[in-house]
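# Coordinates in review
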Amino acid sequence: MPLLDFLDPKAVLPALRVSGKKQALQELAAHSSKLLGLDEGLVFESLLQRERLGSTGIGEGVAIPHGKLPGLTRIFGLVARLEKPIDFEALDGEYVDILFLLLAPEGAGADHLKALARVARVLREPGLVDRIRATRDANALYAVMTEIPRAA
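First things first, this report covers the structure right here in the doc.

The rules behind the values
- Residues numbered from 1 in each chain as written.
- Predicted model: local features only at pLDDT ≥ 70, side-chain atom pairs only at ≥ 80, totals over all residues.
- Heavy atoms only, no water.
- Helix = DSSP H or I, 4+ residues; strand = E, 2+ residues; numbered from the N terminus.
- Rg over C-alpha atoms; globule rule 2.2 N^0.38 Å.
- Buried < 20%, exposed > 50% of the residue type's maximum accessible area, 1.4 Å probe, protein only.
- Contact = heavy atoms within 4.5 Å.
- Areas by Shrake-Rupley, 256 points an atom, 1.4 Å probe, with all protein chains shown as cover.
- Phe/Tyr/Trp six-rings, centres within 6.5 Å; stacked < 30°, edge-to-face > 60°.
- Lys NZ or Arg CZ within 6 Å of the ring centre and 35° of its normal.
- Core = buried A, V, L, I, M, F, W, Y, C linked by side-chain atoms within 4.5 Å.
- Expected span 1.5 Å × (residues − 1).
- Arc of directions from axis to C-beta.
- Polar contact = N/O pair within 3.5 Å; in protein donor to acceptor, adjacent residues only side chain to side chain.

### Here's the deal with the overall build of the chain
Helices and strands together make up the secondary structure of the chain, namely five helices and six strands. Taking 152 residues into account, the globule formula puts the C-alpha radius of gyration at 15 Å, and the chain, at 14 Å, falls close to it. The C-alpha extent of the chain, read off along each of the three principal axes, is 35 × 35 × 25 Å. Expressed as a percentage of its 152 residues, the buried residues of the chain come to 51%. Long-range pairs, those at least 24 residues apart, make up 69% of the contacts in the chain between residues at least 6 apart in sequence. Accessible surface computed for the chain: about 7700 Å², of which carbon and sulfur atoms make up 52%.

### Topic: the packing of aromatic side chains
To describe a pair of aromatic rings, you give the distance between the ring centres and the angle between the ring planes. Applying the stated criterion to the full structure yields one aromatic pair. The side chain of K21 reaches across the aromatic face of F88, ending 4.9 Å from its centre.

### As for the environment of V12
Its place among the elements puts V12 in strand β1 (residues 7-16). Given the relative accessible area of 6%, V12 is considered buried. Separated by 86 residues in sequence, V12 and I98 have C-alpha atoms that sit 11 Å apart. Not counting the four nearest positions on each side in its chain, V12 is found in contact with V79, A138, L141 and Y142.

### Some points on the nonpolar core
With 28 residues, the main nonpolar core has L78, F88, L99 and L103 as its most contacted residues. Secondary structure elements with two or more residues in this core: β1, α1 (21-36), α2 (40-53), β5 (76-86) and β6 (96-105). Apart from residues lying up to four places away in sequence, L78 is in contact with L7, A11, L13, L28, H31, S32, L99, F100 and L101. By size, the runner-up hydrophobic cluster in this structure holds 25 residues, among which are L7, I98, V129 and I132.

### Regarding helix α3 (residues 110-123)
For α3, which comprises 14 residues, the first-to-last C-alpha distance of 20 Å matches the rise-based estimate of 20 Å (1.5 Å per residue) to within 8%. Taken together, the buried positions of α3 are H112, A115, L116, V119, A120, V122 and L123. Around the axis of α3, the buried residues are gathered within 165 degrees of arc, so they sit on the same side. Residues of α3 that are exposed and point over 90 degrees away from its buried face: L113 and K114. Taken together, the buried residues of α3 touch β3 (62-63), β4 (66-69), β6, α4 (128-134) and α5 (138-146).

### Digging into unusual backbone geometry
Of note in the backbone geometry, E60 takes a positive phi value of approximately 55 degrees without being a glycine. Tracing the backbone shows E60 in the loop between β2 (57-59) and β3. Phi at E89 is positive, roughly 55 degrees, even though this residue is not glycine. We classify E89 as exposed; its relative accessible area is 53%.

### Some details on α2
Counted at 1.5 Å a residue, the expected span for α2 with its 14 residues is 20 Å, and the 21 Å between its end C-alpha atoms agrees. Those residues of α2 lying buried are V43, F44, S46, L47, L48 and E51. On its buried face, α2 sits against α1, β4 and β6. Sitting at the amino-terminal end of α2 is D39, which places a side-chain oxygen 3.2 Å from the backbone nitrogen of G41. Just downstream of α2, G54 is the residue with a positive phi angle, here 155 degrees.

Below, the structure is given as structure tokens:
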């Protein structure tokens, strides 16, 4: 089973153009809501509420915006590589160019936290972030994000 089995092959954005954090969240909400059949405003508000608690920018150019939503039946992931890094108020002060959106059902509880931990662990794999940055094709980016690491 792929490490990130909740990443949808259609939920890969290899060259997203945004000028800031709010626009990035809006784009993530727009893309994910289309794929999931959810209200875009609801998704966006969920992401904004979470960001108000503190930035989901985890460092080294990576952010994992996430939220819980009523009406969602499964954990859903979307990955985006930004054309230009943006200020995401990350913990290390670095600009962000890789976003991994994670949405979970409202009552997901521990499953949501486990999925977040899995995404963070995958994104810390040596060389993976560099491979994501070098990828310009959606299929290749999906393959990079879902392959099983050699030293598991």
